[in-house]
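Given next are the chains, with one letter for each unit.
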Amino acid sequence: KSGFVAIIGRPNVGKSTLLNRVVGQKVAIMSDKPQTTRNKIHGVYTTDTAQIVFLDTPGIHKPQSKLGNYMMQVAEGTLNEVDAILFLVDVSEGLGGGDRYIIERLKQVKTPVILVMNKIDKVQPEELLPIIVQYKDLYPFTEIVPISAKQGTSVNILLEQATRYL
Ligand code: GDP
Ligand code: MG
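All values reported here derive from a predicted model rather than from experimental measurement.

*Asks:* How should I be thinking about the overall build of the chain in this particular structure?
*Replies:* Check the secondary structure of the chain and you find five helices and six strands. Along its sequence from the N terminus, the chain presents helices and strands in the succession β-α-β-β-α-β-α-β-α-β-α. Within the chain, the proportion of its 166 residues that are buried is 34%.

*Asks:* Looking at this model, I keep getting lost on helix α1 (residues 15-23). Mind explaining?
*Replies:* Because an α-helix packs 3.6 residues into every turn, residues spaced three or four apart end up facing the same way. Those residues of α1 lying buried are K15, S16, L18, L19 and V22. With its buried residues spanning 160° around the axis, α1 presents them on a single face.

*Asks:* What is the right way to look at the site of ligand 1 in this model?
*Replies:* Around ligand 1 sit 18 residues in total, of which G14, K15, S16, T17 and K150 are the nearest. With three residues, α1 is the largest single contributor of residues to the shell around ligand 1. Among the residues forming the shell around ligand 1, the class breakdown is four nonpolar, eight polar and six charged.

*Asks:* Would you explain the pairing of strand β5 (residues 113-118) in this entry?
*Replies:* Regular strands place side chains that alternate from one sheet face to the opposite one. Buried residues dominate β5, accounting for six of its six residues. Of the two faces of β5, the one holding V113, L115 and M117 and the one holding I114, V116 and N118 are both buried throughout. Note that strand β4 (residues 84-90) and β5 share six bridges and pair parallel. Within β5, the residue paired with L86 across the bridge is I114. In this fold, β4 hands off to helix α3 (residues 97-106), which returns the chain to β5; that crossover is right-handed. Pairing of β5 with strand β6 (residues 143-146), which is carried by four bridges, proceeds in the parallel orientation. From the neighbouring strand, I114 faces β6, where its bridge partner is E143. Since β5 and β6 lie parallel, the crossover through helix α4 (residues 125-136) that links them has a hand, and here it is right-handed.

*Asks:* So what exactly am I meant to see when it comes to the nonpolar core here?
*Replies:* One broad trend across soluble globular proteins is that nonpolar side chains are buried collectively. Counting residues in hydrophobic clusters, the biggest one holds 33 residues, and the most contacted among them are I7, I85, L86, F87, L88, I114 and V116. Those elements that place two or more of their residues in this core are β1 (2-8), α1, β3 (51-56), α2 (66-81), β4, β5 and α5 (155-163).

*Asks:* Could you clarify how one ought to interpret the environment of A75 in this entry?
*Replies:* Here A75 lies in helix α2. Between the alpha carbons of A75 and V145 there is a distance of 23 Å; along the sequence they are 70 residues apart.

*Asks:* Please clarify how the environment of L95 should be interpreted in this entry.
*Replies:* Checked against the element boundaries, L95 lands in the loop between β4 and α3. In sequence terms L95 and R105 are 10 residues apart; their C-alpha atoms lie 15 Å from each other.

Procedures and definitions
Residues numbered from 1 in each chain as written. Chains lettered and ligands numbered in written order. Predicted model: local features only at pLDDT ≥ 70, side-chain atom pairs only at ≥ 80, totals over all residues. Helix = DSSP H or I, 4+ residues; strand = E, 2+ residues; numbered from the N terminus. Buried ≥ 20, exposed ≤ 12 C-beta atoms within 10 Å, placed from the backbone. Arc of directions from axis to C-beta. Near = placed C-beta within 6 Å. Nonpolar A, V, L, I, M, F, W, Y, C, P; charged D, E, K, R; others polar. Pairing = 2+ DSSP bridges. Right-handed = clockwise from strand over helix to strand, strands pointing away. Core = buried A, V, L, I, M, F, W, Y, C linked by C-beta atoms within 7 Å.

In short, shape yes, function no, at least from these values alone.
The following block contains the structure:
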């Protein structure tokens, strides 16, 4: 099995952190500044039975310039070509305008979307369910996987889920 998975989400939700953890090397530029990763960066995850090429997809968030607008078109093109999309959100911040904007864009895309609730290390377990419900009401995500990219919690579960879509 092999295929392509795109990682999307508004700035600072942990896309680069997840990608770095998954491919085991620093391929994406980590920064607290938004939009540092301007290009599609490919990281490859390989096991005995599967190979996933990950794309750290910038530019899906609300455009602030013509360049941003162009990047968003590139991003949407990419999203229609991959086997699955990981939509990362920050559970410690919850559902905001940035996430809503991306969800509207996702409605134009046919690819299955896995909702990845990142930074669970920053919230109490009982806080998770109400946040999940908010997102589920907006879009038919095919899976919902709570993780901590920073601590590595449940990243293996996420990879198993993603492999099912290849
Ligand atoms: P990106 O803009 O989506 O690529 O986000 P980054 O991967 O650059 O992460 C933004 C910030 O969030 C960095 O300071 C990361 O260390 C932090 N971060 C990422 N994942 C987690 C997580 O699971 N838990 C916590 N507490 N912080 C995280
Ligand atoms: Mg990044």
